[in-house]
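Secondary and tertiary structure notes
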Amino acid sequence: MDEGCSRIRRRVSVRKRNRPSLESLFAAPTAAELKSGDEEKEDEDEETVSGSRRRKTMDVQPVENIDSEEDMFGDYDSFAENSFLAQVDDLEQKYLQLPEHRKHATDHAIEDLCSESIKHNTLSITTVGDCTELKIDEHTKNQSGHEDVSVDPEADVLYDIPSSQVLFFENLYNSSSDLGDPSTEERDWNSSSHKTANEELPINNVEHPQQTDESSSKVRTSSDVNRRKSLKDHLKNTMTGNAKAQTPVFSRTKQLKETLLSEEINVAKKTIESSLDDLGPFYSLPSKVRDLYVQFKGIEKLYEWQHACLTLNSVQERKNLIYSLPTSGGKTLVAEILMLQELLCRRKDVLMILPYVAIVQEKISGLSSFGIELGFFVEEYAGSKGKFPPIKRREKKSLYIATIEKGHSLVNSLIETERINSLGLVVVDELHMIGEGSRGAILEMTLAKILYTSKTTQIIGMSATLNNVEDLQEFLQAEYYTSQFRPVELKEYLKIKDAIYEVDSKAENGMTFSRLLNYKYSDTLKKMDPDHLVALVTEVIPNYSCLVFCPTKKNCENVAEMICKILSKEYLKHKEKEKHEVIKNLKNISSGNLCPVLKHTIPFGVAYHHSGLTCDERKLLEEAYSAGVLCLFTCTSTLAAGVNLPARRVILRAPYVAKEFLKRNQYKQMIGRAGRAGIDSTGESILILQEKDKQQVLELISRPLENCYSQLVQEFTKGIQTLFLSLIGLKIATNLGDIYHFMSGTFFGVQQKILLKERSLWEITVESLRYLIEKGLLQKDTILTEKGLLQKGTIHGSEEEFQYSFHITKLGRASFKGTIDLAYCDSLYKDLKKGLEGLVLESLLHLIYLTTPYDMASQCHPDWMIYFRQFSQLSPAEQNVAVVVGVSENFIGKKASGQAIRKVDKNIVNRLYLSFVLYTLLKETNIWSVSEKFNMPRGYIQNLLSGAAAFSSCVLHFCEELEEFWVYRALLVELTKKLTYCVKAELIPLMEVTGVLEGRARQLYNAGYKSLMHLANANPEVLIKTIDHLSRRQAKQIVSSAKLLLHEKAEALQEEVEELLRLPSDFPGIVASSVEKA
Ligand SMILES: Nc1ncnc2c1ncn2[C@@H]1O[C@H](COP(=O)(O)OP(=O)(O)OP(=O)(O)O)[C@@H](O)[C@H]1O
Ligand SMILES: [Mg+2]
């Protein structure tokens, strides 16, 4: 727990909003070499098949259509356009379109743009005090009713908390019924008592509590309370009534807790307003927050660095901040406390950007209980969830938890609706991802837009793997805090032949001999397992968990099988019953199917984990691993960044990801999974290497982390071009001067000296604009065109040129609204146009073809025999589609017989092939049988489907902007629904609940739980009895998530009612203040 290496760097960041001198612009050399610096490829080759070049959208607002799950598992997301409670959404839409919702223009943004001000960020180091105790105060407990009500603690606390917390409580109170993760037994914080301790920080008692609502924990000062009460009471009463059987004393306990909470929030609010130094009970927050951390997360005490970071002057002054600590250092807690301060004390919305869908969902589960207890909304912007623009809440604030792409769309829609200033704080986890491909470019655009349009939004970024922080600091105008703290020691080892060496930076060649592997291998065994993997894993499993990272997906499966062939039969006995359950569950969610590899490996406690699994399978396996039923995952590198699945030992089977040698960042992320705080007491990593790679590995373990570089220009059509189109479309910057200034303030602008060798930023800006004009996406405003700006060779950067302004064309708007990758917007336009001439509507095939994602097609490799067979089975009308799009039977036949044919548009042929897959899937709705028919991994088919659903929605939005394509609109609405709900439509409302996937939804539906209301009112105990293979923990999680969702929907309706009854602020003859009073 030493924190010796903690250091704080002081930095003055200068944001250049000034126009650069024109001479200096001209002095720049020409001809470009945009060096990516670190050209990281995503995972292994197969993983990129459905990788990052896809797009998706959700609603009428521009929405990025790639979603973060993709790089991890090649998924497209479906989208929320047709989401549950459609009537609620419709009402919300109507409500949002009311005139007064558009009136709150806070126009600092554009003014800020030209501001000459230079921001000097200063940082003074505060004395690091003792760790702040996070223990429950007796007095508080009594007040909140915990102690004086005799109630089953589980029933009370678990009433409305989601999975992660439920798990915690099960561990805490009900360890006998736990599935039995051996590692959890090591949590010393778990076993230690939370009961008594004197509070170290003062509790501010309040003598005059604010008026509080009966049931929900929020501050009510508005005169609207009474008017709202009837509907609200009705809803609350119903829900409380239904819940009564489980928690008879709930309302009283809750009421007491909430009274106290309201008081504390008010005190905290006042405290923060009056003095920044005078902290509230818990970092300006109600002491309830501290109690919740003890209760839900078992965190009793902040680490020293966490306290130091939270009490930095710069943090209290709300300056932007980047902080960097090793994996497992506890970065999240700091961000969460700052988010709660923003939500509860400053009463602003907060956006948290996380890299993957799975992580967003994990976070939603973790924070939902805080939302319920503390009175704020937790809104999911990932996968098929999220609303654009977000629902305008009147009282409670919202915590939006988003993937990178959805976060960007959310920011776009907030800018478009002039609500960006409602965002008080943006937190970016894994900030180093800004240097990774198109996703990095999107993250950069998001942050640059926030910096440019909202002076009041604070930005906080964190990462474990940052090297060139200075560039990021300059971009974000941020302070930097770092420490080497890691709560669990991580020991790094290398294995060469039979010997294990410890990584030791002090040793001459970076390693010292540790031990010889103590395991006798016969000759046959040696052949089967030349790397001694079995020897290594059996030192850990089954009592502790182990991850084996493999270079490819296929390799994962092979290694899992190989290990199980060698493992002793004794392993079968460990948690035999639970493993049997896992297999049954897997079959259950896959309509009786089971992967033969998993069938063989799961009885040994082993499974593979990669993008070939369906979402349902993956979730189930992860749960089993977390519960200790499975003790070994063979996985691809994507797991390192994607899922929180820690292990006692992490083994890297080779220093490669696909065929590429490991990067330092990747290595750090992978080994970082070993030994998570509170779960393991130690962690260790073993990298297996061959003699030939030794030198490279020694460099790998000793060199610094790779720098991260802006991808904005590298990702041309998805980066700078998309950016310019949206800047002009959203009117963030519409003339050349402003656009140039915007670019100077980006991460790319900061790194231009490194990234631009022969061209200047000015030239890049002008060229990109010219390109957009040539593509017909932008137009110069006519008044200023006679000079012929943007003709090649006429760029002078003159005063006059700075004034040239642009507007978006219809095609540009369509591409922007549809978030079409600009690399494909021409093709899409042409294809749709051609479709107008002869659309075959006898089946869905032609329409499906038009909405099959281009990028997925370009990476697909058809199996020609299958292609031919599938073609032959089509009806003449269906075959006609192939002819219309330009693929003949003759061609496919020749390919199938192995003849080489040139002169064919591969994109069309491949796209048609994928359309066949989708078409078959729509007809059969069984991923497993389609997977077999086309010999494609089921996970890939699932991605293809969600990708097509997303792209179909993009195409729909594209067509909505172009009059000539009116005919497609109705067709695409239906098709999008069909693709999105390829699972049966009736399951969708259930699948809206976080954590309910198709298999589970089907079970619930069959048992009579057909809507969100059914689930929210369900009794977990009854669910367990009626639903096969549903654990108590899962049942409680489902019910509490459903309750939260229902509550949010109800609140939204309530707010709409209020809004409808309110006198419009622009009502003739009424001044604004009197309207407020009314
Ligand atoms: N003060 C604390 N006391 C005890 N446990 C803590 C504390 N702070 C954080 N933890 C726990 O430590 C674990 C790791 O924390 P966290 O996930 O924040 O790490 P991280 O720094 O974000 O690592 P990574 O870079 O791998 O994401 C979590 O289980 C968290 O609950
Ligand atoms: Mg983290």
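A brief structural summary. (Residues numbered from 1 in each chain as written. Chains lettered and ligands numbered in written order. Predicted model: local features only at pLDDT ≥ 70, side-chain atom pairs only at ≥ 80, totals over all residues. Heavy atoms only, no water.)

**Thoughts on empty space enclosed by the protein**
Rolled over the atoms, a probe with the dimensions of a water molecule shows which regions are left empty. To be explicit about the condition: Only protein atoms enter the 1 Å grid used here, on which a cavity is any set of points holding a 1.4 Å probe that cannot leave and a pocket is any open set flanked by protein within 12 Å on both sides along at least five of seven lines; residues with an atom within 4 Å of a point are listed as lining. Grid points are joined across faces, edges and corners, and a volume is the space filled by probe spheres set on the points. For helices the rule is a DSSP run of H or I covering at least 4 residues; for strands it is a run of E covering at least 2, with both sets numbered from the N terminus onward. Residues are sorted three ways: Asp, Glu, Lys and Arg are charged, Ala, Val, Leu, Ile, Met, Phe, Trp, Tyr, Cys and Pro are nonpolar, and all the rest, Gly among them, are polar.
Using the criterion set out here, one finds 17 cavities of 30 Å³ or more in the structure. Volume-wise, the second largest cavity comes out at about 230 Å³. What lines the second largest cavity is a set of 16 residues, among which Lys619, Glu623, Gly995, Arg1000 and Gln1034 lie closest to the centre. If you list the elements that add at least two residues to the lining of the second largest cavity, you get α24 (576-589), α26 (615-626), α48 (998-1006) and α51 (1032-1061). The element contributing the most residues to the lining of the second largest cavity is α26, with four residues. Residue classes in the lining of the second largest cavity are distributed as four nonpolar, seven polar and five charged.

**What to know about the site of ligand 1**
Which entries qualify depends on this criterion: By convention in this text, a residue qualifies as near a molecule or strand provided that one of its non-hydrogen atoms is within 4 Å of it. Any pair of nitrogen or oxygen atoms within 3.5 Å is treated as a polar contact; in protein, a donor-acceptor pairing is required on top of that, and neighbouring residues in sequence qualify only through side-chain atoms on both sides. Under the convention used here, a 1.4 Å probe and the Shrake-Rupley method define accessible areas, while residue burial counts only the protein chains that appear.
With respect to spatial proximity, 17 residues lie near ligand 1, and among them Lys301, Gln306, Ser328, Lys331 and Thr332 are the closest. Separating an oxygen atom of ligand 1 from a backbone N or O atom of Ser328 is a distance of 2.7 Å. Taking Thr332, its side chain carries an N or O atom lying 2.5 Å from an oxygen atom of ligand 1. Coverage of ligand 1 by the protein amounts to 83% of the 640 Å² it exposes when considered alone. Of the residues contributing to the shell around ligand 1, the split by class is six nonpolar, six polar and five charged.

**Considerations on the packing of aromatic side chains**
Quick note on the threshold: Side-chain rings of Phe, Tyr and Trp (the six-membered ring for Trp) are treated as a pair once their centres are within 6.5 Å; stacked means planes under 30 degrees apart, edge-to-face means over 60, and tilted covers the remaining angles. Buried, partly exposed and exposed residues are distinguished by accessible area as a fraction of the type maximum, computed with a 1.4 Å probe on protein chains only: under 20%, between the cut-offs, and over 50%, respectively. We call a charge positioned over a ring when the NZ of a Lys or the CZ of an Arg lies within 6 Å of the ring centre and within 35 degrees of the ring normal.
Across all of its chains, the model carries 24 aromatic pairs by this definition. Relative to Tyr867, the ring of Trp864 lies with its centre 5.4 Å away and its plane at 10 degrees, an arrangement referred to as stacked. Taken as a pair, Trp864 and Tyr867 lie in helix α40 (residues 864-872) at a separation of three residues, close to a single helical turn. When its relative accessible area of 0% is taken as the criterion, Tyr867 is described as buried. Summarising the aromatic geometry, the rings of Tyr867 and Tyr913 are spaced 4.8 Å apart at their centres and angled 45 degrees between planes, so their arrangement reads as tilted. Taken together, the residues span a long stretch of sequence, with Tyr867 in helix α40 and Tyr913 in helix α43 (residues 906-924) at a distance of 46 residues. The class for Tyr913 is buried, based on a relative accessible area of 1%. Taken together through their ring pairs, the aromatic side chains of Trp864, Tyr867, Phe891, Tyr913, Phe916 and Phe934 make up a single cluster. Geometry around Phe377 places Lys396 over its ring, the cationic atom sitting 5.1 Å from the centre.

**Side note on helix α29 (residues 694-702)**
Just so we agree on the cut-off: It is the directions from the helix axis to the C-beta atoms whose arc is reported.
Among the residues of α29, those classed as buried are Val697, Leu698, Leu700 and Ile701. The buried side chains of α29 occupy one side of the element, clustering within an arc of 160 degrees when seen end-on. Along α29, the residues that are exposed and aim more than 90 degrees away from the buried face are Gln695 and Ser702.

**Section: the pairing of strand β13 (residues 606-609)**
Rules: When DSSP locates at least two bridges between a pair of strands, those strands are taken to pair. Convention used here: a crossover is right-handed provided that the path from the first strand, over the helix, to the second strand proceeds clockwise when the strands point away from the viewer.
Every second residue of β13 is oriented toward a common face, with Val606 and Tyr608 on one face and Ala607 and His609 on the other, all of them buried. For β13 and strand β14 (residues 632-635), the ladder comprises four bridges, and the chain directions are parallel. The residue of β14 that forms the bridge with Val606 is Leu632. For the handedness criterion, the β-α-β arrangement of β13, α26 and β14 is classed as right-handed.

**Here we look at α24**
Note the threshold: Residue count minus one, scaled by 1.5 Å, sets the expected span of a helix.
Between its first and last C-alpha atoms α24 spans 20 Å; for 14 residues at 1.5 Å apiece the expected length is 20 Å, and the two agree. By the burial criterion, the buried members of α24 are Lys579, Val582, Ile583, Asn585, Leu586 and Ile589. Taken end-on, α24 shows its buried residues confined to a sector of 160 degrees, consistent with a single buried face. Seen from the open side of α24, the exposed residues pointing more than 90 degrees away from its buried face are Glu576 and Lys577. Ser591 lies just past α24 and shows a positive phi near 40 degrees.

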